[in-house]
Amino acid sequence: MSEALSALFTPLRIGDITVKNRLAMAPMTRQRSTLDGVPTDLNVEHYRQRATAGLIVSEGIYPSAMGKGYLFTPGLHTDAQVTGWRRVTEAVHGEGGAIFGQIMHVGRLADPLMLDGAQPIGASAVQPDPTARHYTVTCPRPKRPYPEPRALSHAEVLGVIDDFAQSAVLAKRAGFDGVEIHAASGYLPMQFLSTNSNLRTDAWGGSVEKRAAFLLACVDAMVAATSPGFVAVKLSPGWSFHNVFDDDPVATYSYVVRQLSARGIAYLELGDYAVGWDVYGTLRPLFEGPAMFVAGFTQPTAAAAVHDGRADMIAFGQAYIANPDLANRYEHSLKLNRPEVATYYTQGAEGYTDYPVYADADPDALQPVDAAPIPISPATTG
Ligand SMILES: Cc1cc2nc3c(=O)[nH]c(=O)nc-3n(C[C@H](O)[C@H](O)[C@H](O)COP(=O)(O)O)c2cc1C
């Protein structure tokens, strides 16, 4: 094994745990839970199969009924959901793995069909562009324009922050090693951060500090309920997915990352979705803890990033959909299964728990170990 590649297979301390290698499974919504948001046997098996990753970050999990955006996605606010997740975390730990739960509140991207008829909530009453194409593609939501959301009152903002804190408590009860706040991809924390979706003039909008206040209050509340090492954050600086836009993303995210660094959280997951400026080079130096990079990495580019000290961990999305034994394949430079986009958001075992390990794979169907993932665009991500 080359020196660069061996850098991927060294342990790392993140938060309250030590992970066995620098490979993370990126958080991925897959719609295989029950309609009540309870993880199923399929979820247990899917995550168990992938436990040789240093860290699994779960699919997005809603912290409250109002945070749900898609059918068959899991939650973490009822006893049945906690019990379901406990089965997942026990399976991952049984295989020697580690798992953080990603807390995802979709905010204005919900639909009354998902909310018992209620109007979705957002930082402000700003409807995502109804002509944007992403609501008609593979994203698992009703195929119609996003409705106009209702702006949260000050008291309601505090209530949502409490929901995030409570989800950290329940994550601990469910056996997770930590939680990751989904503050990327245009979901609720990013709706507060972004200048086009946050028009508030109170304590939660206006200046960079006030737009960042919601995310940082969630972090503080979750840390107070658990510990700094139990809490992580994912950011996709400058990405306009789901119709969020920032007038000055470098200023916004430089502030946010410095603030997260001061809080000593477990790690920062940073996604560079080709936004035209150097996300990693600009922001990584501002964060003192472990940095996980995500989006578009291959075996050699991941090894180089960790070996050169740019990143501490690399998260792989689509490569982990298709290769349950990705760590073994990368360690021994073995060929890869191809991911099937058509089954990313379907239900059932197909495309979820039936990808073979290397020894069982058809050699003719494999692609090179350095094959790049499909570029993530509004058409393919949740
Ligand atoms: C099917 C699918 C579902 C996704 N769902 C989520 C999600 O729930 N939370 C999240 O933060 N990112 C989500 N993403 C983005 C991935 O975490 C990752 O950032 C992206 O796939 C880029 O990595 P890759 O190029 O290695 O695939 C999803 C991506 C895919 C393909």
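Participant: Give a detailed account of the overall build of the protein chain, specifying residues and quantitative values.
Facilitator: In terms of regular secondary structure, the protein chain is built from eleven helices and twelve strands. Here the C-alpha atoms of the protein chain give a radius of gyration of 19 Å, agreeing with the 21 Å that 2.2 N^0.38 yields for 382 residues. Overall, the C-alpha framework of the protein chain stretches about 55 × 40 × 40 Å when taken along its three principal axes. Counting only residues that meet the buried cut, the protein chain has 51% of its 382 residues in that class. Taking all contacts inside the protein chain whose residues are at least 6 apart in sequence as the whole, residues at least 24 apart take part in 75%.

Participant: Which residues make up helix α2 (residues 41-49), and what values do they have?
Facilitator: Considered for burial, the residues of α2 that qualify are Asn-43, His-46, Tyr-47, Arg-48 and Gln-49. Turning to α2, the residues buried within the fold contact β4 (55-61), α3 (79-94) and β5 (99-103).

Participant: Account for unusual backbone geometry, with residues named and values stated.
Facilitator: Even without being glycine, Asp-116 reaches a positive phi, approximately 55°. With respect to the secondary-structure elements, Asp-116 resides in the loop between β5 and β6 (121-122). One non-glycine residue, Asn-243, lies in positive phi territory at about 65°.

Participant: I'd love a proper account of the sheet that holds β4, names of residues and values included.
Facilitator: The eight strands lie next to each other as β3-β4-β5-β8-β9-β10-β11-β12, forming a closed barrel whose pairing is parallel. Neighbour-to-neighbour, the strand axes of the sheet open up by a mean angle of 25°, direction not taken into account. Pairing geometry for strand β8 (residues 178-183) and strand β9 (residues 231-235), over five bridges, is parallel. Residue His-182 lies in a different strand from β9, and its bridge partner there is Lys-234.

Participant: Pulling in residues and values, what's your account of the packing of helix α6 (residues 208-225) against helix α7 (residues 249-262)?
Facilitator: Packed helices, taken two at a time, are described by their axes: the angle between them and the distance between them. At a minimum axis separation of 10 Å, α6 and α7 run at an interaxial angle of 35°. Considering the relative orientation of α6 and α7, their crossing is right-handed. Only Ala-251, Thr-252, Tyr-255, Val-256, Gln-259 and Leu-260 of α7 make contact with α6, whose side of the interface consists of Val-208, Glu-209, Arg-211, Ala-212, Leu-215, Leu-216 and Val-219. Looking at the contact of α6 with α7 residue by residue, the class counts come to nine nonpolar, two polar and two charged.

Participant: Describe the pairing of β9, listing the residues and the values that go with them.
Facilitator: In terms of burial, β9 is largely enclosed, as five of its five residues are buried. Note: β9 against strand β10 (residues 268-271), three bridges, orientation parallel. The residue of β10 that forms the bridge with Leu-235 is Leu-270.

Participant: Talk me through the nonpolar core; I want residue IDs and the actual numbers.
Facilitator: A general tendency of soluble globular proteins is for nonpolar side chains to be buried together. The biggest cluster of nonpolar side chains holds 107 residues, and the ones touching the most others in it are Ala-24, Met-292 and Ile-314. Of the residues forming this core, the biggest block, eight residues, is contributed by α6. Setting aside residues up to four positions removed in sequence, Met-292 forms contacts with Ala-24, Tyr-267, Leu-268, Glu-269, Ala-311, Asp-312, Met-313, Ile-314 and Ala-315.

Participant: Got a sec to walk through the environment of Ser-124? Specific residues and values, please.
Facilitator: With respect to the helices and strands, the residue Ser-124 is situated in the loop between β6 and β7 (150-151). Taking the C-alpha atoms as reference points, Ser-124 and Arg-150, 26 residues apart in sequence, are found 6.7 Å from one another. Other than its neighbours up to four places away in sequence, Ser-124 contacts Ala-151, Ser-197, Asn-198, Leu-199 and Arg-200.

Participant: Please give an account of the pairing of strand β12 (residues 313-316) that cites residues and values.
Facilitator: Neither face of β12 is left uncovered, since the one carrying Met-313 and Ala-315 and the one carrying Ile-314 and Phe-316 both have all their residues buried. In this sheet, β12 lies alongside strand β11 (residues 291-294) in parallel orientation, the contact comprising three bridges. Within the sheet, the bridge partner assigned to Phe-293 lies in β12 and is Ile-314. Crossover handedness for the path β11 to helix α9 (residues 299-307) to β12: right-handed.

Participant: I'd like a rundown of the environment of Gly-186, residues and numbers included.
Facilitator: Relative to the helices and strands, Gly-186 resides in the loop between β8 and α5 (188-193). Between the C-alpha atom of Gly-186 and that of Thr-343, which follows or precedes it by 157 residues, the distance is 23 Å. Aside from chain neighbours lying at most four places away, what touches Gly-186 is Leu-109, Gln-191, Phe-241, His-242, Asn-243 and Val-244.

Participant: Any details on the packing of helix α4 (residues 154-173) against α6? Residues and values, ideally.
Facilitator: At their nearest, the axes of α4 and α6 sit 8 Å apart, and the two run at 40° to each other. When the interaxial angle is binned, α4 and α6 end up oblique. For the pair α4 and α6, the crossing hand works out as right-handed. From α4, Val-157, Ile-161, Asp-162, Phe-164, Ala-165, Ala-168 and Val-169 reach across to α6, where they touch Phe-214, Ala-217, Cys-218, Ala-221, Met-222 and Ala-225. Looking at the contact of α4 with α6, its residues break down into twelve nonpolar, no polar and one charged.

Participant: Please provide a residue-by-residue account of α7, values included.
Facilitator: Its 14 residues give α7 an end-to-end C-alpha distance of 20 Å, which sits within 8% of 20 Å, the value for a rise of 1.5 Å per residue. Among the structural elements, α5, α6, β9, β10 and α8 (279-283) are those in contact with the buried residues of α7. Positive backbone phi, at 65°, marks Gly-264, one or two positions downstream of α7.

Participant: Describe the environment of Asp-41, naming the residues involved and giving the relevant values.
Facilitator: Mapped onto the elements, Asp-41 comes out in helix α2. Each C-alpha atom of the pair Asp-41 and Arg-87 lies 8.5 Å from the other, and the pair is 46 residues apart in sequence.

Definitions and cut-offs
Residues numbered from 1 in each chain as written. Predicted model: local features only at pLDDT ≥ 70, side-chain atom pairs only at ≥ 80, totals over all residues. Helix = DSSP H or I, 4+ residues; strand = E, 2+ residues; numbered from the N terminus. Rg over C-alpha atoms; globule rule 2.2 N^0.38 Å. Buried ≥ 20, exposed ≤ 12 C-beta atoms within 10 Å, placed from the backbone. Contact = placed C-beta atoms within 7 Å. Pairing = 2+ DSSP bridges. Axes fitted to C-alpha atoms, helices over the stretch in contact; angles between N-to-C directions. Left-handed = near helix turned anticlockwise from the far one by under 90°. Nonpolar A, V, L, I, M, F, W, Y, C, P; charged D, E, K, R; others polar. Core = buried A, V, L, I, M, F, W, Y, C linked by C-beta atoms within 7 Å. Right-handed = clockwise from strand over helix to strand, strands pointing away. Parallel < 35°, antiparallel > 145°, perpendicular 65-115°, else oblique. Expected span 1.5 Å × (residues − 1).

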